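What follows is each chain in one-letter form.
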Amino acid sequence: MKRIFYLFFFSHLVLLSAAQDVLCNGDAYYFVAKPNSNSSDFYRIKLGATPTVELVRTGIPHSITATAYRFIDQRIYALDANTYELLQIDAEGNVQVLGLPEALNTALLYTAGAIHPSGRHLVVIGKDKQSLEDELIHTIQLYNDRHYAGVNSIVNDFNASVDDICLDPLRGTAYGFDRSTRKLVSLRLSDGFITNFFAQTQSGVGRIGSIFFDSAGELYGIGGSSTTSDNTLYYINKLNGIITPLEANIPSGGLTDACACPYSVQIAQEVQPAIIAPCEAFTIRYDLINHTASARSGTTFVDSLPSNFSIIEIVEKPFSGTSSGVGTNVFKLERADLLLDTNTIILRVEADEFAEGQYLSNWDLSGTINHIPISEQQAAWEVRTTKLLELDNHLDLKCETGELYLSPTLENAHYQWNTGDTTRILPITQTGTYSVTATLTCARAIDSINITTIPKPLRFSLTAPTQAQAGRTFSLGIESNNTIAHYSWKASPSTGFSCTDCPNPRVAPVQNTVFTLYAEDQYGCTAIDSIAIQVPFERDIYAPTAFSPNGDGINDLFYLQGISGIAEVVNLQVFDRWGNIVFEQKNSIINEQTTAWDGTVKSALAPTDVYFWTAQVHFVDGVAEQGAGVVQLLR
């Protein structure tokens, strides 16, 4: 038989999609390695008032750990927990294996990872697999194919066990949570020194396997109440280490880790004054705030102002870089170092005679800040030929003296008031209509205002009896030359008021007291006055010699009595004739009936008899006294 073999060749068409950038947009990226497997699930966590979790990909064929975000190429870098290979991960969970880092100690366990502020290294902490104590720091090179793992020691005095680290986007300090002390720790990458002296112990948190900053500089973590759980999203106060759980449905697994892009640059602008006249100069200030953990060299900042503006002076700029733009409408700063925190640029700009309208800046920031989100806070300004003076908004009162002024803000104008004055600031001494013409280089402004009242400086005095009986209620009064709009009463030593924001509060001091009123009138001017009330102190405290706890509402209770508020009853004890304690009251106040003796002993009615009592009392003036007596219980 002739056998014919058919050989089939199958052709597989593989569609390769381009790698997707991991955007620096405030999201966190979370990996959950399944127990006893070599695969991980990939999630995206959207932070905010109500955090949400979105599954990106399941079954990534690696046990992913020590994750960190690198802004230079917008990728996540990590290690495979089983093979120790360096991984590069894109936004869709596609993994490129970069090989085993040279000189990496594979005898240790790695769960903590962060990208160095320069973006050139992945920093990981190696820990003992049995004790889980941190042993060393590896810095894995990301800028060449060797991926050499440099090494540094760990220095601490409490045998730290940190499951993850992240870098402060502004200061570059590394933070982590130490499971051995249950405290937030900070780590210096330069020498491996770990400290937790600044943080409070968090008794309800067992571990935080993932810790990361968002682009606003807020610190978050994922962990749980035990050392094996990772199912809770936390907000972490990096100043005191207090950790607060947030509402979020966080998936858990055998090995978890998360990271986020912590970097941003903020540009804030201020224009002074915001309303100007044609041909007048004004100031534009830019604050470039670097939250990227290191200086950014080679930065270029350009602002193209409208063509009818001209830069007349560069008042301030960063120390490095070259600037240009004087005599033109375009400011340019090139090859500058964008230092940590705030970098300020101040320009003096002039509008031409045809510049009437509203304007915004049109800036561009580029250089080594690529891939880092830039948040903008623009300030609008306006050029006017009318309503430049707005005298209604420039009526100023000196509260101390009652002097009233009109003070328009066009400093370079020539002023002509209807009073004949030519100064910019005009004192107002009587009611009437005031008008002014302000002449500028290429504009003229006119405005007027009618003054109907000349305010008086706020003056008032308090009225009350100079001496009062302890505990007796009376009212505080006030005599003022002006209408008072807001009241705020205080007392020293503290005592009760019927109200603290009214003109005539009722009080009942039990000792010498100084009452003070902070007042504000309808013009926003404030004043203060005090009055001292002498209260002769009376230490009259007495106890009933008999009581009848029969439920008729008359003399049913036994307690110490006197002027309310003058003393604290530290201890009151009642004994029967054989010396047994039948009642005890601690840390109450005079006249307190809710904790008084009701004539029962262990819920049973005490018999009619004579009982003995002792008491220790502390008065509000600091004097302590003891007393004793007898009381007859009648039924």
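Residues numbered from 1 in each chain as written. Predicted model: local features only at pLDDT ≥ 70, side-chain atom pairs only at ≥ 80, totals over all residues. Heavy atoms only, no water.

K.L.:
Sorry, what's going on with the packing of aromatic side chains here?
P.N.:
The relation between two aromatic rings is expressed through the spacing of the ring centres and the mutual angle of the planes. Across all of its chains, the model carries 25 aromatic pairs by this definition. For the ring pair Phe 301 and Phe 331, a centre distance of 6.4 Å and an interplane angle of 55° mean the geometry is tilted. Here the residue Phe 301 occupies a position in strand β24 (residues 296-304), and Phe 331 occupies one in strand β27 (residues 330-338), the gap between them amounting to 30 residues. A relative accessible area of 1% means that Phe 301 is categorised as buried. Relative accessible area serves as the criterion here: at 0%, Phe 331 is assigned to the buried category. The ring centre of Phe 619 lies 5.7 Å from the NZ or CZ of Arg 539, which sits over that ring. (Phe/Tyr/Trp six-rings, centres within 6.5 Å; stacked < 30°, edge-to-face > 60°. Helix = DSSP H or I, 4+ residues; strand = E, 2+ residues; numbered from the N terminus. Buried < 20%, exposed > 50% of the residue type's maximum accessible area, 1.4 Å probe, protein only. Lys NZ or Arg CZ within 6 Å of the ring centre and 35° of its normal.)

K.L.:
Would you take a moment to explain the side chain of Asn 308 for this structure?
P.N.:
Secondary-structure assignment places Asn 308 in the loop between β24 and β25 (309-316). Non-local contacts of Asn 308, meaning those with residues more than four positions away in its chain, are made with Glu 350, Ala 351, Asp 352, Phe 354, Ala 355 and Tyr 359. (Contact = heavy atoms within 4.5 Å.)

K.L.:
For this particular structure, what's the right way to read a nonpolar patch on the surface?
P.N.:
A cluster of nonpolar side chains, contributed by Val 610, Phe 612 and Val 630, occupies part of the molecular surface with about 220 Å² of accessible area. Here Val 630 is to be found in strand β54 (residues 624-633). Judged by its relative accessible area of 42%, Val 630 falls in the partly exposed class. (Patch = residues over 30% accessible without salt bridge, like charges linked within 9 Å, V, L, I, M, F, W, Y side chains within 5 Å. Areas by Shrake-Rupley, 256 points an atom, 1.4 Å probe, with all protein chains shown as cover. Salt bridge = Lys/Arg side-chain N within 4 Å of Asp/Glu carboxyl O.)

K.L.:
Help me understand the sheet that holds strand β20 (residues 255-260), please; the structure alone is not making it clear to me.
P.N.:
With respect to topology, 4 strands assemble into an open sheet ordered β3-β2-β1-β20, the strand pairing being antiparallel. A single partner strand is all that each edge strand has here, and the edge strands are β3 (52-60) and β20. Strand-to-strand twist in this sheet, taken as the mean axis angle between neighbours without regard to direction, amounts to 20°. In this structure, strand β2 (residues 40-46) lies alongside β3, joined through 6 bridges in antiparallel fashion. Among the inter-strand pairings, Ser 40 is bridged to a residue of β3, identified as Ile 60. (Pairing = 2+ DSSP bridges. Axes fitted to C-alpha atoms, helices over the stretch in contact; angles between N-to-C directions.)

K.L.:
Sorry if this is basic, but what is going on with the pairing of strand β8 (residues 109-115) here?
P.N.:
Residues in a regular strand point their side chains to alternate faces of the sheet. Counting buried residues in β8 gives 6 out of 7 residues, a clear majority hidden from the surface. Between the antiparallel neighbours β8 and strand β9 (residues 121-127) lie 5 residues, among them Gly 119 with a positive phi of about 80°.

K.L.:
Help me understand the state of the cysteines, please; the structure alone is not making it clear to me.
P.N.:
Each disulfide consists of a covalent bond between the sulfur atoms of two cysteine residues. In this structure the tally under the stated criterion is 4 disulfides. The disulfide partner of Cys 24 is Cys 261, and the gap between their sulfur atoms is 1.8 Å. Linking Cys 24 and Cys 261, the disulfide has an S-S dihedral of approximately -70° and is accordingly described as left-handed. Residue Cys 24 is located in the segment before β1 (27-33), and its partner Cys 261 is located in the loop between β20 and β21 (264-272); the two are separated by 237 residues in the primary sequence. As far as burial versus exposure is concerned, Cys 24 and Cys 261 are alike and both buried. Across the disulfide, Cys 499 is cross-linked to Cys 502 (sulfur-sulfur distance 1.7 Å). On the sign convention where negative is left-handed, the bridge of Cys 499 and Cys 502, at about 60° about the S-S bond, is right-handed. Given the relative accessible area of 23%, Cys 499 is considered partly exposed. Judged by its relative accessible area of 13%, Cys 502 is buried. For the protein, the disulfide bridges join cysteines in the arrangement 1-2, 3-5, 4-8, 6-7, where the cysteines are counted in sequence order. Cys 166 carries a free sulfur, and the closest cysteine sulfur to it, the one in Cys 259, is 10 Å from it. Between Cys 259, a free cysteine, and Cys 261, which holds the nearest cysteine sulfur, the sulfur-to-sulfur gap is 9.6 Å. (Disulfide = S-S within 2.5 Å.)

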